[in-house]
Amino acid sequence: MKNESPLDFTIAHNRDEFQKTIEETNVRISQGHYKATPLIGGKAITTPHSEISIDPSDPDQQIGEVWYANKEHCDQALKSLREGAESWSETPAAERADILRKIAQGMRERRNELSALIIREAGKPWKEADGDVIEAIDFCDYYAHEMDRLAPKHQTMDVMGEGNYYFYEPRGLGLIIAPWNFPLAIPCGMTVASLVTGNATILKPAEQTSIIAAVFAQIVLEAGVPANAFAFLPGDGEDIGAYLVDHIDIDVICFTGSKGVGLDIIRKASEVKPGQRNVKKVIAEMGGKNAVIVDEDADLDEAVKGVLYSAFGHAGQKCSACSRVIIVGDAYEPFVSRICDAAKDIAVGPSQNPETFVNPLIDFESQQRVLNLVDEYKNEHNLAFRGTTPHKGYFVPPCIFTDVDTTSALWNEEIFAPVLACCKVSTFEEAIHVALKSQYALTGGVFSRSPKNIELAWKKFRVGNLYINRSITGAIVCRQPFGGSRMSGVGSKAGGPDYLIQFLEPRTVTENTMRRGFTPELI
Ligand code: NAD
């Protein structure tokens, strides 16, 4: 497996091509080219209710119209998938894997256009948008490769006179519920995992990024997934998301999003209703409140750079983002002063600008929530740095709070924005203790030059993805399988070797090969 390379924006040709595609995409957007409709049985359906998707950098700009599915559309989609499920489950795994490679190819061919749409609809800066697209491509290639590995039946033990075989089968109908912050990579990864394992699959994208998801859905069908093995249902999570989670026909739910919604889905999915065939399997990737420890002997140049990128990249709207820094002993004052100085230079601006580092938040509601929180927290904590923002767009300024009380809400609750909290501790052991005193366990980081402390972090800093002497975001498929534990999620790591098994049901068949009797009439 070879990961797709990121675009090198230091090369003028790449920059020019990318800019050109953004401009072409902007023209198509202004002509009303992009829309999202439910896709059921391969047919696009316009529905009674639609919403306009807008650009978070400039809310006056419309990206496209999104037709919301309602419960009747869910029932139609489920009927179509029930009809198609068996045939899809019996399609040879190698064929399904090849279709994933075609989906990857479909995205490769539209790579810059997909990035441009991510820039416009999700508000991601250039590099982050390109990263989103290549991660989606990697998921397809990796899960295709993984399916090839898992498909063959294998003999458990070689016993004379007995054949014992172990193999995997699809669970049935898969429901994918996606967030907006990786608007292509996450819905794509979850959807193709469910499809390649032979489950007929519904994708319910996040409301805010339905247009990007609609382009992906089109690519899925064009690549050869049968029309009654895949349905795309844009719509309101609390309405159709909840309805589908409750539905007796759903066998596996794969969710990525907030802790509140994730826990609600886990609870609801555990209630078995009359006529339900399976206990629903739930895979839920949820939030984070990730800490970086800066040791007393850390290289502060590296630590400042790594924390700045991890905390403020995509405006802190990554589940893996750093939102807490724990600094040991004498490193505290120089680290805090240097990161506040460095933060003055980061570019906050519209996502289309190539120099933008901190983009807007996804929507007005998020912006208002975070601005109110910052106002509240600044009464109780020391706001050492507050950046500035453009007037238009859903921006919030990057903020750094220092001397933060580790029992406070600022320290413990996920904000999902460019808001960083710093605290000082006396020893590296205490730093690990403070880092782990969180309900979440997704990512974590350590900057240290002490082999003893690095070894201690390996052993004790128990988070899903631990990064040593580097930034803590940007996991790469297969290279850094990604996912957390505790309140950060249940399930195996995305982009890792245990992921597909969650969408499969193992079976064992034992056959007595000795006492067959004699049936001459069959010879
Ligand atoms: P969200 O929980 O608000 O929404 C996620 C999805 O759930 C959306 O499609 C939404 O429509 C749907 N939904 C909402 N209510 C529902 C309900 N009652 N029943 C069924 N579906 C419902 O999350 P978000 O704001 O889109 O994403 C941000 C959150 O996602 C953050 O907490 C972030 O940490 C988390 N996240 C986690 C990971 C990870 O890998 N652990 C990755 C990305 C994002």
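Computed from a prediction, not measured in an experiment: that's the story for all the values here. (Residues numbered from 1 in each chain as written. Predicted model: local features only at pLDDT ≥ 70, side-chain atom pairs only at ≥ 80, totals over all residues. Heavy atoms only, no water.)

Turning next to the overall build of the protein. A count of helical and extended segments in the protein gives 15 helices and 23 strands. Here the C-alpha radius of gyration of the protein, 24 Å, is about what a compact globule of 523 residues would show, namely 24 Å. Oriented by its inertia axes, the alpha-carbon framework of the protein measures out at about 90 × 60 × 50 Å. If you take every contact in the protein between residues at least 6 apart in sequence, the share linking residues at least 24 apart comes to 76%. Total accessible area computed for the protein in this model is approximately 21,900 Å², and 51% of it derives from carbon and sulfur atoms. Between the averaged position of the 53 positive side-chain charges in the protein and that of its 70 negative side-chain charges there is a distance of 3 Å. (Helix = DSSP H or I, 4+ residues; strand = E, 2+ residues; numbered from the N terminus. Rg over C-alpha atoms; globule rule 2.2 N^0.38 Å. Contact = heavy atoms within 4.5 Å. Areas by Shrake-Rupley, 256 points an atom, 1.4 Å probe, with all protein chains shown as cover. Lys, Arg positive; Asp, Glu negative; His and termini not counted. Charge placed at Lys NZ, Arg CZ, Asp CG, Glu CD.)

Across the 5 residues of strand β9 (residues 200-204), 5 count as buried, placing the element largely inside the fold. The two faces of β9 match: A200, I202 and K204 on one face and T201 and L203 on the other face are all buried. Both strand β8 (residues 173-177) and β9 contribute to a ladder of 5 bridges, which runs parallel. Following the sheet pairing, I177 is matched in β9 by K204. A crossover links β8 with its parallel partner β9, the connecting element being helix α6 (residues 185-196), and its sense is right-handed. Sheet topology places β9 next to strand β10 (residues 230-232); 3 bridges connect them, and they run parallel. Residue pairing for β10: L203 is matched across the bridge by F232. Following the chain from β9 across helix α7 (residues 210-222) to the adjacent parallel β10, one finds a crossover that is right-handed. (Buried < 20%, exposed > 50% of the residue type's maximum accessible area, 1.4 Å probe, protein only. Pairing = 2+ DSSP bridges. Right-handed = clockwise from strand over helix to strand, strands pointing away.)

How large an interface is tends to be reported as the accessible area lost when its parts come together. Domain boundaries in the protein define domain 1 (20-286 + 488-508) and domain 2 (290-468). Contacts between domain 1 and domain 2 engage 28 residues on the former and 29 residues on the latter. In total, domain 1 and domain 2 occlude about 2,300 Å² of area from one another, counting both sides; carbon and sulfur atoms represent 56% of this. When the buried surface of domain 1 facing domain 2 is broken down by residue, S57, W180 and S488 rank first, second and third, together holding 23% of it. At the boundary of domain 1 with domain 2, the tally comes to 3 salt bridges. (Domains from an automatic or database assignment. Buried area = accessible area lost by both parts, 1.4 Å probe. Salt bridge = Lys/Arg side-chain N within 4 Å of Asp/Glu carboxyl O.)

Looking at the ligand, there are 28 residues lining it, with A178, K204, S258, M286 and E414 nearest. Within the contact set of the ligand, an oxygen atom lies 2.9 Å away from a side-chain nitrogen or oxygen of W180. Within the side chain of E207, a nitrogen or oxygen atom sits 2.8 Å from an oxygen atom of the ligand. Protein burial of the ligand: of its 850 Å² of free accessible surface, 89% is covered by the chains. (Near = heavy atom within 4 Å. Polar contact = N/O pair within 3.5 Å; in protein donor to acceptor, adjacent residues only side chain to side chain.)

Here we take up the sheet that holds strand β5 (residues 58-67). What links the strands of a sheet is backbone hydrogen bonding, and the strands pair in either a parallel or an antiparallel sense. The 3 strands are arranged β1-β5-β4 in an open sheet whose pairing can be described as mixed. The sheet is open, and its two edges are formed by β1 (35-36) and β4 (50-55), each paired on a single side.

With a phi angle near 50°, H314 is a residue other than glycine that sits in the positive phi range. Within the secondary structure, H314 sits in the loop between α10 (300-312) and β14 (322-328). For H314, a relative accessible area of 0% translates into the label buried. You will see that D403, though not glycine, has its phi angle at about 50°, which is positive. Given the relative accessible area of 54%, D403 is considered exposed.

Structurally, the position occupied by V245 is in helix α8 (residues 237-246). For the pair V245 and D299, spaced 54 residues apart in the sequence, the C-alpha separation amounts to 48 Å.

Attention shifts here to the packing of helix α3 (residues 93-109) against α6. In contact at an axis separation of 9 Å, α3 and α6 are set at 155° when each is read in the N-to-C sense. The angle between α3 and α6 places the two elements in the roughly antiparallel class. Pair α3 / α6 crosses with right-handed handedness. In this structure, α3 contributes R96, A97, L100, I103 and M107 to the contact, and α6 contributes C188, V192, L195 and V196. When its residues are assigned to classes, the contact of α3 with α6 shows 8 nonpolar, no polar and 1 charged. (Axes fitted to C-alpha atoms, helices over the stretch in contact; angles between N-to-C directions. Parallel < 35°, antiparallel > 145°, perpendicular 65-115°, else oblique. Left-handed = near helix turned anticlockwise from the far one by under 90°. Nonpolar A, V, L, I, M, F, W, Y, C, P; charged D, E, K, R; others polar.)

Moving on to the side chain of S194. You can see S194 is positioned in helix α6. S194 has contacts with G174, I176, N199, T201 and F503, leaving out every residue within four places of it along the chain.

Tallied over the full model, the rule gives 31 salt bridges. The residue R110 makes a salt bridge to E113 at a minimum N-O spacing of 2.9 Å. Across the pair R267 and D264 runs a salt bridge whose closest N-O atoms are separated by 2.6 Å. Note that R267 and D264 are positioned in helix α9 (residues 259-269) at a spacing of 3 residues, about one turn of the helix. Each of E4, R108, R111, D130 and D141 takes part in one network of salt bridges that share partners.

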